[in-house]
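Residues per chain, in single letters:
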Amino acid sequence: MSDYSLTTFGESGELTQVRHALTAVGNGETTVGIRAKNGIVIAAEKKLPTILIDESSVHKIDKLCDYMGMTYSGIGPDFTAVLLKARKDIQAYHQVYQDRITPFMLCKKIADLF
């Protein structure tokens, strides 16, 4: 029998998946984006789990294409997978329509990953 059901209760009577989700949210870092008339400011907090990690090797903000960027607040390898999918979706859209993809359309395509 498997214990991977969404309605699995822990010993204290709480839902296990909810506890895991709240733990993941608590481990996330803050990322803020501010849009102005003449540009955008994106600020991301870098919480390094240990001093052994080189701060310059951690990238919280990355470029998708020459007119769009992306940031994350969770786990780095997950961000890398989403980033690669987004870049492929941008190229595929441009190849088919010969136009720039809108942020809304890109968000819909990225949501299909999950």
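For the structure given in this document, a descriptive report is provided here. (Residues numbered from 1 in each chain as written. Predicted model: local features only at pLDDT ≥ 70, side-chain atom pairs only at ≥ 80, totals over all residues. Heavy atoms only, no water.)

1. Concerning the overall build of the chain
- Broken down by element type, the chain carries 3 helices and 4 strands.
- What you see in the chain, going N to C, is helices and strands ordered as α-β-β-β-β-α-α.
- Taking 2.2 N^0.38 as the reference for a compact globule, 114 residues should give roughly 13 Å; the C-alpha atoms of the chain span a radius of gyration of 18 Å, well beyond that estimate.
- Burial statistics for the chain: of 114 residues in total, 16% are counted as buried.
- With the model as given, the accessible surface of the chain reaches about 9,200 Å², and the carbon-plus-sulfur share is 58%.
- If you average the places of the 13 positive and of the 13 negative side-chain charges in the chain, the two averages end up 10 Å apart. (Helix = DSSP H or I, 4+ residues; strand = E, 2+ residues; numbered from the N terminus. Rg over C-alpha atoms; globule rule 2.2 N^0.38 Å. Buried < 20%, exposed > 50% of the residue type's maximum accessible area, 1.4 Å probe, protein only. Areas by Shrake-Rupley, 256 points an atom, 1.4 Å probe, with all protein chains shown as cover. Lys, Arg positive; Asp, Glu negative; His and termini not counted. Charge placed at Lys NZ, Arg CZ, Asp CG, Glu CD.)

2. With respect to the environment of Arg 87
- Note that Arg 87 resides in helix α2 (residues 76–97).
- What makes Arg 87 partly exposed here is its relative accessible area of 27%.
- In this structure the C-alpha to C-alpha distance between Arg 87 and Cys 65, which are 22 residues apart in sequence, comes to 7.3 Å.

3. Points about the state of the cysteines
- Scanning the model with the defined rule gives 0 disulfides in all.
- There is no disulfide at Cys 65, and the cysteine sulfur nearest it, in Cys 107, is 12 Å away.
- In this structure Cys 65 comes out as buried when scored by relative accessible area, which is 14%.
- Residue classification places Cys 107 among the exposed residues on the basis of a relative accessible area of 52%. (Disulfide = S-S within 2.5 Å.)

4. A closer look at the nonpolar core
- By size, the foremost hydrophobic cluster in this structure holds 14 residues, and its most contacted members are Leu 64, Met 70 and Leu 106.
- Put simply, the parts of the chain that give this core at least two residues each are β3 (61–65), β4 (68–71), α2 and α3 (103–111).
- Looking at this core, the element that brings in the most residues is α2, giving 6 residues.
- Sequence-distant contacts of Met 70, defined by excluding residues within four places in its chain, comprise Lys 60, Ile 61, Asp 62, Leu 64, Phe 79, Val 82, Leu 83, Ala 86 and Ile 110. (Core = buried A, V, L, I, M, F, W, Y, C linked by side-chain atoms within 4.5 Å. Contact = heavy atoms within 4.5 Å.)

5. Thoughts on the pairing of strand β1 (residues 31–36)
- Among the 6 residues in β1, 0 count as buried, and that is only a small part of the element.
- Two strands pair when backbone bridges link them, and β1 and strand β2 (residues 39–44) are joined in this way by 6 bridges, in the antiparallel orientation. By the bridge assignment, Thr 31 is partnered in β2 with Ala 44. (Pairing = 2+ DSSP bridges.)

6. With respect to the side chain of Asp 89
- In this structure, Asp 89 sits in helix α2.
- Taking the relative accessible area as the measure of exposure, Asp 89 reaches 15% and is therefore buried.
- With sequence-adjacent residues up to four places away left out, Asp 89 is seen in contact with Leu 106, Lys 109 and Ile 110.

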